[in-house]
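A look at the structure
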Amino acid sequence: MTLRPLAKAGSQVSLSARTKMVADLRREGITDERVLEIIQKLPRHEFVDESWRAEAYKNKPLPIGQSQTISQPYVVALMTQALLEGATPRKRVLEIGTGSGYQTAVLAELGISVFSVERLKALSEVARERLARLGYRNIHFGYNDGNAGWASHGPYDGIIVTAAAAEVPQALLDQLDKNGRLVIPVGPPQNQVLRVIDRKLRGFDTREIAAVSFVPMLEGRA
Ligand code: SAH
């Protein structure tokens, strides 16, 4: 996979802050060099409100408005690594929960065609503008309830959900291609696990890889 250069690289200060963050991610067990390289170069400070920029390279979630948060870098790295692991190429990926667009950018940097769905119009629009400004062309934005997936562009080699579902939506399983993989946090607040579900010739293989804490996946759009 070839990595494309980013339009905007950011300042020296954010560069060294990112280097430290990547070292932390390595220490916490992230091993996929493609993912680490992308996090090293992505200007996370561009994905949060101005007032939170100083915090952008700490390994924690931050508010992005509308009571939503940009995911913790470790969790973004873990989910992306889980999606990529193994021999199946992931060329077309559906993301549910665009939010700030940071995870979206990580996927786009991998050369993936990304289909990203967000239920909050305000966030979807800000992310769309931001990612266009940063120079991405391989992202398609949907303003919709991601519980239904995005059938017209499916099936997908991978689906990443960045909000916690009470149960795995059937539509997402249906839109997985043969050997497709769904990475999704499932469960009530305080008790969520990150599930990795692989579509097999018959049925699905499921494993749980980490305890996580996401905002809930809601219904409808607003
Ligand atoms: N990956 C994003 C995470 C944002 S938080 C980031 O790092 O910035 C989760 C996002 O999922 C929120 O923006 C929330 O509005 C969105 N979301 C919640 N339920 C959804 C649904 N049913 N369909 C689409 N998006 C949803």
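These remarks concern the structure in this document. (Residues numbered from 1 in each chain as written. Predicted model: local features only at pLDDT ≥ 70, side-chain atom pairs only at ≥ 80, totals over all residues. Heavy atoms only, no water.)

**Thoughts on the nonpolar core**
Among the nonpolar cores identified, the biggest contains 48 residues, and Ile39, Tyr102 and Tyr136 are the most heavily contacted of them. It is helix α3 (residues 73-84) that contributes the most residues to this core, nine residues altogether. Not counting residues within four places of it along the chain, the set of residues in contact with isoleucine 39 comprises Arg18, Met21, Val22, Leu25, Pro73, Ala77 and Tyr102. With 19 residues, the next largest nonpolar core counts Trp150, Val161, Val186 and Ile197 among its residues. (Core = buried A, V, L, I, M, F, W, Y, C linked by side-chain atoms within 4.5 Å. Buried < 20%, exposed > 50% of the residue type's maximum accessible area, 1.4 Å probe, protein only. Helix = DSSP H or I, 4+ residues; strand = E, 2+ residues; numbered from the N terminus. Contact = heavy atoms within 4.5 Å.)

**Focus on the site of the ligand**
Within the structure, the ligand sits among 26 residues, and Ser100, Glu118, Asp145, Gly146 and Leu218 are positioned closest to it. The separation between a nitrogen atom of the ligand and a polar main-chain atom of glycine 146 is 2.7 Å. In this structure, a nitrogen atom belonging to the ligand sits 3.2 Å away from a side-chain N or O atom of threonine 162. The fraction of the free accessible surface of the ligand (570 Å²) that becomes covered by protein chains is 99%. For the shell around the ligand, the secondary structure elements donating two or more residues are β2 (68-70), β3 (92-96) and β4 (113-118). (Near = heavy atom within 4 Å. Polar contact = N/O pair within 3.5 Å; in protein donor to acceptor, adjacent residues only side chain to side chain. Areas by Shrake-Rupley, 256 points an atom, 1.4 Å probe, with all protein chains shown as cover.)

**Re the packing of aromatic side chains**
The relation between two aromatic rings is expressed through the spacing of the ring centres and the mutual angle of the planes. Under the criterion given, the structure shown has three aromatic pairs. Ring centres 5.4 Å apart and planes at 85° place the aromatic pair phenylalanine 47 and tyrosine 102 in the edge-to-face group. Taken together, the residues span a long stretch of sequence, with phenylalanine 47 in the loop between α2 (33-41) and β1 (62-65) and tyrosine 102 in helix α4 (residues 102-109) at a distance of 55 residues. Each member of the pair phenylalanine 47 and tyrosine 102 is classed as buried. Each member of the aromatic cluster is reached from another via a ring pair, and the members are Phe115, Trp150 and Tyr156. The ring of tyrosine 102 has arginine 44 sitting right over it, with the charged end atom 5.8 Å from the ring centre. (Phe/Tyr/Trp six-rings, centres within 6.5 Å; stacked < 30°, edge-to-face > 60°. Lys NZ or Arg CZ within 6 Å of the ring centre and 35° of its normal.)

**Notes on the sheet that holds strand β9 (residues 204-212)**
Strand order in the open sheet formed by seven strands is β5-β4-β3-β6-β7-β8-β9, with mixed pairing between adjacent strands. Bordering the open sheet on either side are β5 (139-143) and β9, each of which pairs with just one other strand. Adjacent strand axes in the sheet meet at a mean angle of 15° when their direction is disregarded. Sheet topology note: the strand β8 (residues 192-199)/β9 ladder contains eight bridges and is antiparallel. Counterpart to isoleucine 197 in the pairing with β9 is threonine 206. On top of the sheet, helix α5 (residues 121-133) reaches β4 and β5; it is set at about 165° to β5, its chief contact. (Pairing = 2+ DSSP bridges. Axes fitted to C-alpha atoms, helices over the stretch in contact; angles between N-to-C directions.)

**A closer look at the pairing of β3**
Of all five residues making up β3, four are buried, and the element is well covered by its neighbours. Bridge count between β3 and β4: five bridges; the pairing is parallel. Paired with glutamate 95 across the strands is serine 116, a residue of β4. Taken together, β3, α4 and β4 constitute a β-α-β crossover, and its handedness is right-handed. Inspection of the sheet shows β3 paired to strand β6 (residues 156-161) by four bridges, in the parallel sense. Across the sheet, the residue bridging to isoleucine 96 is valine 161, located in β6. (Right-handed = clockwise from strand over helix to strand, strands pointing away.)

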